[in-house]
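Coordinate inspection notes
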Amino acid sequence: MLKTIKASVVATLMAGTAFANPYADYEGTTLIVNFPAHPHYDAVMKILPEFTKETGIEVEVDQLPYLKMRERQTLELGQEEGEYDLIAYVVFSKADYVYADQLENLAKYVMNPKLSDPNYDADDLIDGYVYNIGFAGGNKGYLEGKTGSLFGIPYGSETSVLGYRKDIFDKHGLDVPQTYDEMLDIACKIPELEPGMGGLSSRAASGHHASHAFLLHLAPLGGRVFDDSWNPIVNNAAGVKAAEALKTIVDCGPEGATNFGFGEALGAFLNGDTAMFLDTTVVAGQIDNPDKSKVVGKVGWALHPEGVRRGSQTGGFGIGIPANAENKEAAFLLMQWLTSKKGDKLVALAGGNPSRFSTHADADVNAKFPHMATFGEALKHADPDWRPIIPVWGKINADLGTTLSKVLTEDLDIQDALDGVAERTKAVMEEAGYYTWQ
Amino acid sequence: MSLARANRLTPWMFLAPAAVIMAIALIYPLGYMIWGSFRAWDPSQTIGEAEFVGLKNYVTLWNDPNFRESLGVTLRFAFVVVVVEMVIGVGLALLLDRDIRGMSLLRTMFILPMMIAPVVVGLMWRYMYHPTVGTFNRTLESIGLPTVDWLGQHALLSVIIADIWQWTPFIFILSLAALQSLPRSALEAARIDGATAWQQIWHIKLPLMMPVLIVTGLLRLIDAFKVLEVILVLTEGGPGLSTEILALRISRTATEFRELGVAAAMSNYLLILLLLLTMAMFAFTRWQEARAARIRAASEDDQ
Amino acid sequence: MSQSYEKQNPAFYAVIALLVFMSVGPVLLMFINSFKLDVDIISGTSGLLFLPTIQNYETALCDVLWYEPEHLDFCSLKFGGAFINSLIIALVSTMLTLVIGCMAAYALVRFRFMGRDTVSLTTLMVRMVPPAVLLVPVFGLWNNEFCLDKDGLIGGAIRDAFGGRGDVCLAGTHSGIILIYVAMNLPFVIWILQSFIVQVPKSLEEAARVDGAGPFQVFFKVVLPLIKPGLAAAAIFTFRIAWNEYLLASALSDRNTKTVPILIVNNMSEFNVEWGVIMATGMLLAIPPIIFTLLASRQIITGMTAGAVKG
């Protein structure tokens, strides 16, 4: 009895898909999407033809470097009718876009039975990232919370991991660092053990890069940018410690480290100029690519070392539908396809960063990328509050990054420098109205 | 009658297209910018929606240490670049002012750097300055010298060197032209009087070249405030604010911090600075013309 | 033309050789590197010993190649399209600037009329305006004010003909970028051409006028042919700026009107510094100006000296 029901259900389902193709209405539509020039989205480019083949929806991609992408989007989203149907956005753009009412709330698409795939399994998406990237309106406005709702879906979830040179560590009998003290210790030992080699390559260039590197250390060392009532506490003991850690790393790092952007930092590691690399998971594909890397097969991966707590970064991109898009429904279908179990696995196999638990556990993916298990573990320790996602963050971020760069190059006193940042941040927050209720 | 009117209108008809285009695309935007500089203006707003805040943007900037630092960097950059380029350019012109085979080919080679896109110049030098794979550090390493952290510790110097590379030829070519148009009789007379090469340079060539040199220097100075792409590609203004010239800061304020009003106010400060420079240049050329006319008049009186 | 050259001592030639090396060296370096694989550039143990490859150029030009390069999974760099945009923008704006600038310069030199001094003073003043100063207003105006309503007559017609959405604005069109380039270059062109037009003997024009030619005929038939060298110089300078400019183009262009400098800066993206490809695109951008320099260095130098020596 049960069996027959099951069989008939399956039969109807199959008949259903055969006769009522959910994509049929949108066949021939051309979606214009805005993606960053980024390894994950390079992988996406490889799987998009598959989507077009399956659905008949054409996709035209405008790929831009991610800081440029934001400028472009600011302009496009501000218009009455925009060009883009689907955009990938950096985590910290979430606040701006949602606040300015420029992203579609996804509820009405998920509720629409014609669009929403019943087998999507949203529970399989990694929680931290859904809240960090897609969710807005919860606690503090950007965290998980009862008042929030979904505006985007994480796609290209990154966290920080420690990459280390197995050969160098074996040669000198070093242990993979578990804590910050161990890591800093080894970072400064390496230049002595291996003349000409830097300890850890980190980004440090003025602006976003320096700020990012600092925040990377701030969370595990127990610090935060703001306390619960939005007072800047970046200049407390943990903040100073994080800045000191950054300075130590840069001082014991490869040559020219003070001006390293992400590309240079990674380049130094790829070139074998440093023994460790602490940054996003997105680099794994390049490290294993013999065209780009001289350290293929020599790199091991470990969790972001622990300070007073585990706290790796939550970063990466989300995809969302602009409120002024032309083909919103087709865009939702693309978004759903990309983030589905199938799409996530495809993109992982093409070298992207999956956003689902199941993909991280997937046998095929793990067979191709053995580091995926470590990365999956790292994602569990990802700290969604390592960086505040509020509309005025861009300005604070720039100030923080410039000041830290001065600390690194001009030997500014760390406490003074951070006090200055805190003071200016306070003024920015005051002006933006964060102290209205105090 | 109507012919006379047509004649009166002719100059205006010749001028009209240029006037219209410059009015629409230069004068009006500049006015628009001045208007916008009094507003708290976000890129997602039209200027009408932006709130009027009076002089707030100007005051904020004036008290902003970052802006002042950036202004300092700009002035330092422009000043150093112009002085060094003038010295090298004029020196080379004096050195190479001889009749040698292939001079025109040589000049062609020298103007090459000027013609290449600043963006490309930036990326060439970024590669050469690269801490490990760059040409300079490789060369230093291979001859056993310590390497230099070009774009880190010495960013402003590196940026200045790149600019000198690109623009010294400009000064060189102009001074060479000036030298070659000097009255031969004066030089001849000096030589007959037994002046040494140095004396000729100090007492005859340089003073006679001076008017051209001053104009050249001012032109270069104005252009030095326009430099942006090379620095953008080389350092993006870093580390810290050490190479963040005003032009770059304006563009960052507008696009990255999304504060069009502040960026407009900053543009105005830069414009005022340049206005003073241009006025100086204009006054100088006027004065020079007047002097030339006086001298001409005097010589005509003699006859 | 036999000319006796002075004999110079060897140190002098050494200095010259060094200077040539310094000015051309970086360009050559870029040229050589554009034929290397990234691995070769980074390891760089040998300066000249490497296997040349056109792979970087294939990557750069993948959207206009007739075959699909094997080493690429997909074509991300749309260099061909950007190159065409750059060509359109640079050529059209150069043409317009020349014609308009020439007429204005002629009027300023030949006619005495009210406001002449004001006009030439303004011309000189706007010459010093840096592109960065124009960034904010141009961004605002071109995006928000210089628009045609999409429901209006002309705006509607444009939308029907070319598709797209929203109001028809100057931003994101070739015309938008061309307009600002013409405006930016006009003062300089007028300034340079004035010094050439002054040299045209007035008697020639008067003779033509006596023969019954109107002012426009005099201008096009008599004056223009005589100032050809000046036109060439002005053309090269205008082209150079329009071809090389980055900042305003990046604020005004959209994905279909991107020019090459924008593409190069974008491609310096931080995740993947692909030196080989960057050098190849840089080389492609540099080629037209290099060709001009080699062909017309005399005109360039005349133009430069005319611009500076005559204030």
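Everything numeric in this text was worked out from a predicted model, so none of it was measured.

Things to note about the overall build of chain C
- Across its full length, chain C carries 14 helices and 2 strands.
- Excluding contacts between residues fewer than 6 apart, the proportion of contacts in chain C whose partners are at least 24 apart in sequence is 69%.

Let's talk about the overall build of chain A
- When helices and strands are tallied, chain A shows 19 helices and 11 strands.
- Its C-alpha radius of gyration of 23 Å places chain A within 12% of the 22 Å reference for a compact globule of 438 residues.
- The principal-axis extents of the C-alpha atoms in chain A amount to approximately 70 × 55 × 40 Å.
- Taking the contacts inside chain A whose residues are at least 6 apart along the sequence as the reference set, 76% of them involve residues at least 24 apart.

Things to note about the nonpolar core
- Ranked by size, the top nonpolar core spans 174 residues in total, and within it C:A104, C:L135, C:V138, C:I180, C:A183 and C:L193 carry the most contacts.
- With 17 residues, the single largest contributor to this core is helix α8 (residues 174-197) of chain C.
- Sequence-distant contacts of C:A183, defined by excluding residues within four places in its chain, comprise B:I21, B:M22, B:A25 and B:L26.
- With 121 residues, the next largest nonpolar core counts A:L246, A:F260, A:A268 and A:L278 among its residues.

Concerning the sheet that holds strand β9 (residues 274-280) of chain A
Residues and elements named next belong to chain A.
- Within the open sheet, the 4 strands sit side by side as β8-β9-β7-β10. Their pairing is mixed. In this open sheet, the two strands that pair with only one neighbour each are β8 (198-201) and β10 (299-303). Looking at each pair of strands side by side, their axes are set apart by 20 degrees on average, direction ignored.
- Pairing of β8 with β9, which is carried by 3 bridges, proceeds in the parallel orientation. By the bridge assignment, G198 is partnered in β9 with T274.

What about the domain arrangement of chain A?
Residue and element names in this part refer to chain A.
- Entries for chain A in the domain assignment read domain 1 (2-158 + 315-380) and domain 2 (160-313 + 392-432).
- A straight line from the C-alpha centre of domain 1 to that of domain 2 covers 30 Å.
- Across the contact, 14 residues belong to domain 1 and 13 residues belong to domain 2.
- Those elements that provide at least two residues to the side of domain 1 that touches domain 2 are α2 (39-55) and α17 (372-380).

Here we look at the interface of chain C and chain B
- On the chain B side, the residues contacting the 76 residues of chain C number 73 residues.
- If you tally residues by element for the side of chain C that touches chain B, the top one is helix α14 (residues 275-309) of chain C, at 17 residues.
- Across the side of chain C that touches chain B, the residue classes tally to 61 nonpolar, 13 polar and 2 charged.

With respect to the pairing of strand β6 (residues 153-158) of chain A
Residue and element names in this part refer to chain A.
- The buried fraction of β6 amounts to 6 of the 6 residues, a majority that puts the element mostly inside the structure.
- The pairing of β6 with strand β11 (residues 315-320) spans 4 bridges and is antiparallel. Among the inter-strand pairings, S157 is bridged to a residue of β11, identified as G316.

A closer look at helix α10 (residues 237-251) of chain A
Residue and element names in this part refer to chain A.
- The terminal C-alpha atoms of α10, which comprises 15 residues, lie 21 Å apart, in line with the 21 Å expected from a rise of 1.5 Å per residue.
- Taken residue by residue, α10 has A238, G239, A242, A243, A245, L246, I249 and V250 as its buried positions. Buried positions in α10, seen along its axis, are confined to an arc of 150 degrees and lie on one side of it.
- Along its buried surface, α10 packs onto α8 (180-193), β8, α9 (208-218), α18 (393-410) and α19 (414-432).

Considering the pairing of strand β3 (residues 86-90) of chain A
Residue and element names in this part refer to chain A.
- Burial within β3 is extensive, with 4 of its 5 residues counted as buried.
- When strand β1 (residues 30-36) meets β3, the two strands line up parallel, connected through 2 bridges. Its bridge partner being in β3, N34 is matched across the sheet by I87.
- Relative to β11, β3 is paired through 4 bridges, and the arrangement is antiparallel. Across the sheet, the residue bridging to I87 is G320, located in β11.

Concerning the UniProt feature "transmembrane region" (unreviewed entry) in chain C
Residue and element names in this part refer to chain C.
- Annotation from UniProt places "transmembrane region" (unreviewed entry) at residues 12-32, 82-109, 121-142, 178-198, 218-243 and 275-296.
- For the annotated span residues 12-32, helix accounts for 100% and strand for 0% of the residues, and the straight-line distance between the end C-alpha atoms is 29 Å.
- Structurally, residues 275-296 is divided into 100% helix and 0% strand, and its ends, taken at the C-alpha atoms, are 31 Å apart.

Details of the environment of A:A243
Residue and element names in this part refer to chain A.
- Looking at the secondary structure, you find A243 in helix α10.
- Note on A243: 28 C-beta atoms within 10 Å, which makes it buried.
- When the C-alpha atoms of A243 and H360 are compared, they prove to be 33 Å apart, with 117 residues separating the residues in sequence.
- Those residues in contact with A243 that sit more than four places away from it in its chain are F214, L404, V407, I414 and L418.

Things to note about the sheet that holds β1(A)
All names here are of chain A.
- In spatial order, the strands read β2-β1-β3-β11-β6; together these 5 strands make up an open sheet with mixed pairing. The open sheet has two free edges, formed respectively by β2 (58-64) and β6, since each of these has just one partner strand. Neighbour to neighbour, the strand axes of the sheet diverge by 20 degrees on average, direction disregarded.
- As judged from the 7 bridges shared by β1 and β2, these two strands associate in the parallel manner.

Considerations on the confidence of the model for chain C
All names here are of chain C.
- Within chain C, residue pLDDT values average 80, and 86% of them lie at 70 or more.
- Across chain C, the secondary-structure element scoring lowest on mean pLDDT is helix α7 (residues 153-162), at 70, and the one scoring highest is helix α4 (residues 79-110), at 89.
- For this predicted complex, the interface score ipTM comes out at 0.84, alongside a pTM of 0.82.

Topic: the packing of α9(A) against α10(A)
Residue and element names in this part refer to chain A.
- The contact between α9 and α10 brings their axes to 8 Å, and the two run at 120 degrees. One way to sum up the angle between α9 and α10 is to call them oblique. Handedness of the crossing formed by α9 with α10: right-handed. On α10, the residues touching A213, F214, H217 and L218 of α9 are A238, G239, A242, A243, A245 and L246.

Looking at α19(A)
Residue and element names in this part refer to chain A.
- Between the first and last C-alpha of α19 there are 27 Å, a value that for 19 residues agrees with the 27 Å anticipated at 1.5 Å per step.
- When we look at burial in α19, the residues that qualify are I414, L418, V421, A422 and T425. Relative to the axis of α19, the buried residues are bounded by an arc of 100 degrees and lie together on one face. Every exposed residue of α19 that faces more than 90 degrees away from the buried side is listed here: D416, E423, A427, E430 and E431.
- Residues of α19 that are buried sit in contact with α10 and α18.
- Residue G433 follows α19 closely and has a positive phi angle near 90 degrees.

Describing the environment of A:P49
- Structurally, A:P49 can be placed in helix α2.
- A C-alpha to C-alpha distance of 8.4 Å links A:P49 and A:V59, two positions 10 residues apart in sequence.

Focus on unusual backbone geometry
Residue and element names in this part refer to chain A.
- Phi is positive for D101, close to 60 degrees, though the residue is something other than glycine.
- Although it is not a glycine, W230 adopts a positive phi angle of roughly 65 degrees.
- Tracing the sequence through the fold places W230 in the loop between α9 and α10.

Reading guide: rules and limits
- Residues numbered from 1 in each chain as written.
- Chains lettered and ligands numbered in written order.
- Predicted model: local features only at pLDDT ≥ 70, side-chain atom pairs only at ≥ 80, totals over all residues.
- Helix = DSSP H or I, 4+ residues; strand = E, 2+ residues; numbered from the N terminus.
- Contact = placed C-beta atoms within 7 Å.
- Rg over C-alpha atoms; globule rule 2.2 N^0.38 Å.
- Core = buried A, V, L, I, M, F, W, Y, C linked by C-beta atoms within 7 Å.
- Buried ≥ 20, exposed ≤ 12 C-beta atoms within 10 Å, placed from the backbone.
- Pairing = 2+ DSSP bridges.
- Axes fitted to C-alpha atoms, helices over the stretch in contact; angles between N-to-C directions.
- Domains from an automatic or database assignment.
- Nonpolar A, V, L, I, M, F, W, Y, C, P; charged D, E, K, R; others polar.
- Expected span 1.5 Å × (residues − 1).
- Arc of directions from axis to C-beta.
- UniProt positions renumbered as here; feature names shortened; annotations may be inferred.
- pLDDT = per-residue confidence, 0-100.
- Parallel < 35°, antiparallel > 145°, perpendicular 65-115°, else oblique.
- Left-handed = near helix turned anticlockwise from the far one by under 90°.

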